[in-house]
Amino acid sequence: MEDKEEQRTKKTKNRPSCLGYPVSIFFIVVNEFCERFSYYGMKAVLVLYFKYFIGWDNDLSTTIYHTFVALCYLTPILGAIIADSWLGKFKTIVYLSIVYTIGQVVMAISAIHDITDTDRDGTPDNMTFHIAMSMLGLMLIALGTGGIKPCVAAFGGDQFEDHQEKQRSTFFSIFYLSINAGSLLSTLITPILRAQECGIYSKQSCFPLAFGVPAALMVVALIVFVVGHKMYIMESPKGNILLQVMKCIGFAVKNRFNHRSKQYPKREHWMDWAEEKYEKLLIAQVKMVLKVLFLYIPLPMFWALFDQQGSRWTLQATTMNGNFGAFIIQPDQMQIVNPILIVIMVPIMDSAVYPLIKKCHINFTPLRRMTVGMLLAALAFVAAALLQIQIDQTMPSFPSSSQTQVKFLNLENAPLPVIVEGQEQFDVPGLSSNEYMMLDTEDVVVSAGGQNATVSFEMKTRHTVLINNNGILQTLNDITEKPNQGLNAIRFVNGFRSHLNFTIKSDNLGPIAPLKGSGYFNVTHGKANFTITNEEGETCHYILQLGFGSSYTVLIPGNFSFGQSCADTINAIQDIEPNGIHMAWQVIQYFLMTCGEVVFSVTGLDFSYSQAPSNMKSVLQAGWLLTVAVGNIIVLIVAEAGSLPDQWAEYVLFACLLVAVSIIFAVMAYFYTYIDPTEIEAKFMELEPEDKKKKELEMTTRDNLAYANNETPEKTDAKQTKI
């Protein structure tokens, strides 16, 4: 032991230092910044990758997203056991970082649509390949990020000597600052990268770049960490306290079961049945931990709401207006509000709110703070529900499975009468259309321009029927959902006497025949400049101001003519309104959720650590991370099994569940008695030797009594038999 201490002292003296800090910690801090950038950057765009690239609906996208997050918070337990019991922290970080890096690279490859786009139409032809690759990548990432989570901070702390407590404290502050910096920057940058268009044969949202940059940062993190290996102090594995605690609890349960006969006197606490094998001090420490872990039971419900910022709230933002003047905010960028508010709110709460409450002589205990935090999170979901109701009012009403929607577009200058079977006659204005009408039959007789015709429609579809004085010209298939990614679906109808060609930027719709309509093509928000060209080469420029998520049918009338004022006669008919609710309204729910996080999470960790023995803090950290995992499992169960028709109703359901859980937690907190672990440990350390001898004597007597009463050996513990 002395040799190892001498070697450690010699190594620390020879290590390079800067401003009193070992140089090795700078490699660790840079590694943590890059790794957090990699994780949060990938996570920020993940749910939109599922929705827009893979093509899953909102519920399945939410389910897979929260399954991944749950795995990320389950694997830290495995990482801690591997590091403490087998490989040590350094090797665990390196090996799992390699796994992590491979996972990020696999995710980036899975997002390259050109790999399976054999017909070069911009859509992957083998989606199974992309799904399999992405699932493999996410499993590797979950194992990597979760596995190194409990190791990096502790490894950084190992680099300091006992007399460097001040430097160690400063290191942890810088370390957590690097976490927030990585999270903040990645949440800002990767959505911008995703919004770019890239591709070999066709241009699509650049998910490969959005995943590729985090992958590159993970490569940098691994290289930087390995480069500093000669400067590190590497502690040998000393055994994992979590395993020891689990064995102690398991032995107590087993021993209690083996001694369930009434002959055996009851003990004050069920953990006291572990005294035959484990020291009283350890048992007392486990009791303290279990007391805190019992309070953790209601906590997953908070995380079930909190982690929906990256899923449900991001999906909500896709139906909103992201125009912030000179800046356009992407739906996945709204997540940046949380880390920004965290940086602002933590010092405000610590330096202003808590002292003010104390001056008002209100006993705002840690457990009461946590209860308030849970209620604030529930309030955030009430705000999200109210916002969703406003959004739903601006959304178009699409047909159900037993209905179809139809409207008529009149290419004549004068109104035309239309009679639909089973409906009253109505007039369609010239060079315009009527509102969508709902039909519940597939074959309908329509009279337009004095001509009768039977038109067939499929259920759960939308159609626009082109008409003029000669009757029905063409039936166009309309979109039945809002355009994705805030794009605008635009199509043209040529009411002119000759073929016309339509282009925007480099996209060419090709020639459209007279009295015919085109298919849709997607255009980004802002001013869309279309060029219309006839067969003689004459051109006309038409500008259409677009918002987010709208759909237009642009009609070129029969009296259209090329010239300086050619665009004046063109009529843009709005089929679907643009997103009308601004994303800024989400700040309210983000503010409430962040306040809840500050009051709940920061206070919860501080309370847990204050109530646990010094050598059991890692056990509580594992328990805390487990509550996050269970919370995400709750979300995926509700998302997959829930049958609520409206999203706002699901928000209200989660809010009500958290309020109910908050009441239960408040009752549990009321009966909780705060303790001083140091004082309890000191008491047991003094009494341990004498009590141990006394207990051994008592157990020997109990053994003799058991055999005297013909108690079978199977009902006694192996440890007792040996005594």
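Placed above this text is the structure.
Sequence positions are assigned chain by chain, starting from 1 and proceeding in written order. Totals for whole chains, interfaces and linings use all residues, but because this is a predicted model, local features are given only for residues with pLDDT of at least 70 and pairs of side-chain atoms are given and counted only at 80 or more. Note: side-chain values were computed over all heavy atoms of the structure, leaving out hydrogens and water.

## Describing helix α8 (residues 207-227)
Counting from the N terminus, the helices are the DSSP runs of H or I reaching at least four residues and the strands are the DSSP runs of E reaching at least two. Working rule for helices: expected span equals 1.5 Å times residues minus one. The end-to-end C-alpha distance of α8 is 30 Å, a good match for the 30 Å that 21 residues give at a rise of 1.5 Å each. Relative accessibility thresholds used throughout: buried, under 20% of the residue-type maximum; exposed, over 50%; partly exposed, between the two (1.4 Å probe, protein chains only). Inspection of α8 places Phe207, Pro208, Ala210, Phe211, Pro214, Ala215, Leu217, Met218, Ala221, Leu222, Val224 and Phe225 among the buried residues, and these make up the whole buried set.

## Looking at the pairing of strand β13 (residues 461-468)
Counted residue by residue, β13 has eight buried out of eight residues, so it is predominantly covered. By the convention used here, strands pair only if DSSP detects at least 2 bridges between them. Direction of pairing for strand β7 (residues 404-410) relative to β13: parallel, over a ladder of seven bridges. Directly across from glutamine 405, in β13, lies its bridge partner arginine 462. The hairpin turn running from β13 into strand β14 (residues 471-478), its antiparallel successor, is two residues long.

## Observations regarding the state of the cysteines
By definition, disulfides here are pairs of cysteine sulfur atoms that lie within 2.5 Å. Tallied over the full model, the rule gives two disulfides. One disulfide in the model links cysteine 198 with cysteine 206; its S-S distance is 2.1 Å. Given an S-S torsion of about 105°, the disulfide between cysteine 198 and cysteine 206 has right-handed geometry. Paired by a disulfide, cysteine 540 and cysteine 566 hold their sulfur atoms 1.9 Å apart. Classification of the bridge connecting cysteine 540 and cysteine 566 rests on its S-S torsion, roughly 95°, and on that basis the disulfide is right-handed. A residue pair is termed long-range when its members are at least 10 positions apart, and cysteine 540 in strand β21 (residues 539-546) and cysteine 566 in the loop between β22 (551-556) and β23 (571-576) qualify at 26 residues. With a relative accessible area of 1%, cysteine 540 lands in the buried category. Owing to a relative accessible area of 4%, cysteine 566 belongs among the buried residues under this scheme. Look at the protein and number its bonded cysteines as they come in the sequence; the links are 1-2, 3-4.

## Observations concerning the nonpolar core
What is meant by a nonpolar core is a set of buried Ala, Val, Leu, Ile, Met, Phe, Trp, Tyr and Cys residues, joined one to another through side-chain atoms within 4.5 Å. If you look at the biggest cluster of nonpolar residues, it comprises 132 residues, and the most contacted ones within it are Leu46, Tyr49, Phe50, Phe68, Phe207 and Phe211. By residue number, the principal contributor to this core is helix α14 (residues 366-394), which donates 12 residues. In this description, contact between two residues means that some pair of their heavy atoms is separated by no more than 4.5 Å. Not counting chain neighbours up to four residues away, the residues in contact with phenylalanine 68 comprise Tyr39, Met42, Leu46, Leu138, Ile141 and Ala142.

## Details of a nonpolar patch on the surface
What goes into a patch is any residue over 30% in relative accessible area without a salt bridge, connected to like charges within 9 Å or, for nonpolar side chains (Val, Leu, Ile, Met, Phe, Trp, Tyr), within 5 Å. Accessible areas in this description were obtained via Shrake-Rupley with a 1.4 Å probe; residue shielding takes into account the shown protein chains only. Put simply, a salt bridge is a Lys or Arg side-chain nitrogen that is within 4 Å of an Asp or Glu carboxyl oxygen. Judged by side-chain polarity, Leu71, Leu74, Leu136, Met139, Leu626 and Val630 come together as a nonpolar surface patch covering roughly 460 Å² of accessible area. In this structure, leucine 71 sits in helix α4 (residues 58-87). The exposure class assigned to leucine 71 is partly exposed, which follows from its relative accessible area of 35%.

## Side note on the sheet that holds β7
Here we have four strands laid out as an open sheet, ordered β10-β7-β13-β14, and mixed in their pairing. Pairing within the sheet leaves two strands with one partner each, and these edge strands are β10 (437-439) and β14. Across the sheet, the mean angle separating the axes of adjacent strands is 30° when strand polarity is ignored. The sheet contact formed by β13 and β14 spans seven bridges and is antiparallel. Each residue of the ladder has a partner; that of isoleucine 467, found in β14, is isoleucine 472. Axis definition: a line fitted to C-alpha atoms, over the contacting stretch in the case of helices. Angles run 0 to 180 degrees between N-to-C directions.

## Some details on the environment of glycine 517
Inspection of the secondary structure puts glycine 517 in strand β18 (residues 516-517). A sequence separation of 25 residues divides glycine 517 from phenylalanine 492, and the C-alpha atoms of the two residues are 5.7 Å apart. Glycine 517 has contacts with Leu466, Gln474, Leu476, Phe492, Val493 and Ile512, leaving out every residue within four places of it along the chain.

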